[in-house]
Amino acid sequence: MSWAQWVLADEPILLGDQPVAWTVSVRATPDSLPQWNAYFSVGTPPEAVTDFLLALEGRPDPAYGYAGPQVVLDALAGGGWVRDLDTPTAMSDPRLAASMVLTTLPDEGIQDGDPLVLNPEAEAAGWQAWCEPRMGAGLLWAAMFSASTPHDLVAAFAASLASPAPVLRHTLPESSEGQLTVRLTV
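In what follows, the accompanying structure is described. The numbering scheme is per chain: residues are counted from 1 as the chain's sequence reads. The model is predicted, so local features are restricted to residues of pLDDT at least 70 and side-chain atom pairs to those at 80 or more, both for listing and for counting; the totals for chains, interfaces and linings are taken over all residues. Note that the side-chain values use all heavy atoms of the structure and ignore hydrogens as well as water.

**Brief notes about the nonpolar core**
Within the largest apolar cluster, 32 residues are counted, with the highest numbers of intra-cluster contacts made by Phe-40, Phe-52, Met-100, Phe-145 and Phe-157. In DSSP terms, a helix is any run of H or I states spanning at least four residues, a strand is any run of E spanning at least two, and both are numbered starting from the N terminus. Secondary structure elements with two or more residues in this core: β3 (18-26), β4 (36-41), α1 (46-57), α2 (70-78), β7 (98-104), β8 (125-131), β9 (141-145) and α4 (151-162). By definition, residues are in contact when any of their heavy atoms lie within 4.5 Å. Those residues in contact with Phe-145, other than ones at most four positions away along the chain, are Asn-37, Ala-38, Phe-40, Phe-52, Met-100, Leu-105, Gly-126, Trp-127, Val-154 and Phe-157. One finds Val-20, Tyr-39, Leu-105 and Leu-139 within the second-largest nonpolar core, a separate group that totals 8 residues. In this text, buried Ala, Val, Leu, Ile, Met, Phe, Trp, Tyr and Cys residues form a nonpolar core when linked through side-chain atoms within 4.5 Å. Relative accessible area decides the class of each residue, using a 1.4 Å probe on protein chains only: under 20% of the type maximum gives buried, over 50% gives exposed, and in between gives partly exposed.

**Remarks on the pattern of salt bridges**
Basic side-chain nitrogens of Lys or Arg form a salt bridge, by our definition, when they fall within 4 Å of a carboxyl oxygen of Asp or Glu. Applying the stated criterion to the full structure yields 1 salt bridge. With a closest N to O distance of 2.5 Å, Arg-59 and Asp-152 form a salt bridge. With Arg-59 in the loop between α1 and α2 and Asp-152 in helix α4, this pair connects stretches of sequence that are 93 residues apart. Residue classification places Arg-59 among the buried positions, given a relative accessible area of 15%. What makes Asp-152 partly exposed here is its relative accessible area of 28%.

**Here we look at the pairing of β8**
The buried fraction of β8 amounts to 5 of the 7 residues, a majority that puts the element mostly inside the structure. Note: β7 against β8, 7 bridges, orientation antiparallel. In the strand pairing of β8, Ala-98 is matched with Cys-131. The sheet contact formed by β8 and β9 spans 5 bridges and is antiparallel. Bridge assignment links Trp-130 to a residue of β9, and that residue is Ala-142. For two strands to be treated as a pair, DSSP must find at least two bridges joining them.

**Considering the environment of Arg-134**
Relative to the elements of secondary structure, Arg-134 occurs in the loop between β8 and β9. Judged by relative accessible area, Arg-134 falls into the partly exposed class, the value being 34%. For Arg-134 and Leu-96, which are 38 residues apart along the polypeptide, the C-alpha to C-alpha distance reads 9.2 Å.

**Remarks on the pairing of β9**
The buried fraction of β9 amounts to 5 of the 5 residues, a majority that puts the element mostly inside the structure. Of the two faces of β9, the one carrying Trp-141, Ala-143 and Phe-145 and the one carrying Ala-142 and Met-144 are both buried. Sheet topology places β4 next to β9; 3 bridges connect them, and they run antiparallel. Counterpart to Phe-40 in the pairing with β9 is Ala-143.

**Some points on the environment of Ala-55**
Examined against the element boundaries, Ala-55 turns out to sit in helix α1. When the C-alpha atoms of Ala-55 and Phe-157 are compared, they prove to be 8.7 Å apart, with 102 residues separating the residues in sequence. Discounting chain neighbours no more than four positions away, the residues touching Ala-55 are Leu-153 and Ala-156.

**Some details on the packing of aromatic side chains**
Centre distance within 6.5 Å is the pairing criterion for rings of Phe, Tyr and Trp, where only the six-membered ring of Trp is used; planes under 30 degrees apart are then read as stacked, over 60 as edge-to-face, and the remainder as tilted. If you walk through the whole model with that rule in mind, you get 6 aromatic pairs. Pairing Phe-40 with Phe-145 gives two aromatic rings, centres 5.7 Å apart and planes at 80°, and the pair type is edge-to-face. Of the two residues, Phe-40 sits in strand β4 while Phe-145 sits in strand β9, which places them 105 residues apart along the sequence. An identical accessibility class is assigned to Phe-40 and Phe-145; each is buried. Through a chain of ring-to-ring contacts, the aromatic side chains of Trp-36, Phe-40, Phe-52, Phe-145 and Phe-157 assemble into a single cluster.

Below you can see the structure in the form of structure tokens.
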């Protein structure tokens, strides 16, 4: 069982400096703890969230994945992203405005059904993605996937994020000036 919900928490979960707006959860039953969660701030590219949700909808068993983390890195590389030489599980777009990394997740607010993740001594690794078009100007958006989120679902998000295909935008963030290729539509 999976669903997406709009989150208006009393104490919001922050991804960097961005509050979580959407949480996607997979649970065995409506009353059980989440088996995994994905978190998206406002501004996360809607086509990437949509592709993640479509991949989730197409799975017979949304709780388990059998692909390893390399499938996410391959999806990013397929879109022309470059690997960070110091962190082999990190990649950035060629303009270094957006990044994605498999790394230890923050302790606060990130829920996962793996009992090892619930252990405060364990360092749970999950995927984090963000866009910061100008260094130090703050994040434009952020996304985080708890440790048990199947890598193939994260890869669907990553492939969409790294796709060079044009996307329609009505307004462009000021901080993205010079970072985007703009084509006028007729």
